[in-house]
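Below, each chain spelled out in residue letters.
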Amino acid sequence: MRKGEEDQGAKILQYGKAILMGVLCAFLTGILFLFLAAAGVSAGLVAPGLRYQLTVVASVLGSFVGGILAVRRCSGRGLFVGLAVGGGLFLLTLTVGVIFFDGVSFENGGLGLLCGALCGGAAAGILSGGGKRPQKKRRAKSRRSR
């Protein structure tokens, strides 16, 4: 293998690792938010009819936090990494739903979760500004004496 191919493979592995860590962080953040929302419903602070809205907010918040984590670990391509985290969060949520519940369909709120996860990840990619980009070296201007 050439050196360029090795560098490209290492960069893809770095992106994949960052996206995976972002998805796991997003999932845990969403679960924590839903736990707090459940405590609020139990205490009577939140109306029980807001279940769907709270799950969409958890999806947006989780993918935003996970997207920020992933974009900070990668250099450049923040929007792509954020969208990948949002898509990965949706797929993980869908997988957990299929495992623990009988039927999963997009008519029961899956489309809102997908849009929320993608929007949260995209917002993280845009707002966090990407990771550490290589700085261009600037020459110090020298003053010529006259």
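In short, a report on the structure. (Residues numbered from 1 in each chain as written. Predicted model: local features only at pLDDT ≥ 70, side-chain atom pairs only at ≥ 80, totals over all residues. Heavy atoms only, no water.)

**Here's the deal with the overall build of the protein chain**
On a plain count of helices and strands, the protein chain comes out with 4 helices and 0 strands. Split into buried and exposed, the 146 residues of the protein chain put 30% on the buried side. With an accessible surface of roughly 10,600 Å², the protein chain has 65% of that area assigned to carbon and sulfur atoms. (Helix = DSSP H or I, 4+ residues; strand = E, 2+ residues; numbered from the N terminus. Buried < 20%, exposed > 50% of the residue type's maximum accessible area, 1.4 Å probe, protein only. Areas by Shrake-Rupley, 256 points an atom, 1.4 Å probe, with all protein chains shown as cover.)

**Focus on the environment of F33**
Along the chain, the position of F33 falls in helix α1 (residues 3-43). Counting along the chain gives 21 residues from F33 to L54, while the straight-line C-alpha distance between them is 8.7 Å.

**A few points about the nonpolar core**
Within soluble globular proteins, side chains that are nonpolar generally end up buried alongside one another. Core analysis: the largest hydrophobic core is formed by 13 residues, its most contacted members being I19, C74, V81 and V85. Only α1, α2 (51-73) and α3 (78-100) provide two or more residues apiece to this core. Broken down by element, this core gets its largest block of residues, 5 residues, from α1. Dropping the residues within four chain positions of it, I19 is found in contact with A70, V81, A84 and V85. (Core = buried A, V, L, I, M, F, W, Y, C linked by side-chain atoms within 4.5 Å. Contact = heavy atoms within 4.5 Å.)

**Overview of the packing of α3 against helix α4 (residues 110-127)**
At a closest axis distance of 7 Å, the pairing of α3 and α4 adopts a crossing angle of 150 degrees. Between α3 and α4, the angle is such that the two are roughly antiparallel. Seen from above, α3 lies across α4 with right-handed handedness. Mapping the contact onto sequence places G78, L79, G82, L83, G86, G87, L89 and F90 in α3 and G110, L113, L114, A117, L118, G121, A122, G125 and I126 in α4. (Axes fitted to C-alpha atoms, helices over the stretch in contact; angles between N-to-C directions. Parallel < 35°, antiparallel > 145°, perpendicular 65-115°, else oblique. Left-handed = near helix turned anticlockwise from the far one by under 90°.)

**With respect to the environment of L114**
Along the polypeptide, L114 turns up in helix α4. Placed 54 residues apart in sequence, L114 and V60 show a C-alpha to C-alpha distance of 9.3 Å.

**Digging into the packing of α2 against α3**
Close contact between α2 and α3 brings their axes to 9 Å; oriented N to C, the two are set at 135 degrees. Comparing their axes, α3 and α2 come out oblique. In the packing of α2 onto α3, the handedness of the crossing is right-handed. Together, S59, G62, S63, G66, G67, A70 and V71 of α2 and G78, V81, G82, V85, G86 and L89 of α3 make up the contact between the two elements. Looking at the contact of α2 with α3 residue by residue, the class counts come to 5 nonpolar, 8 polar and no charged. (Nonpolar A, V, L, I, M, F, W, Y, C, P; charged D, E, K, R; others polar.)

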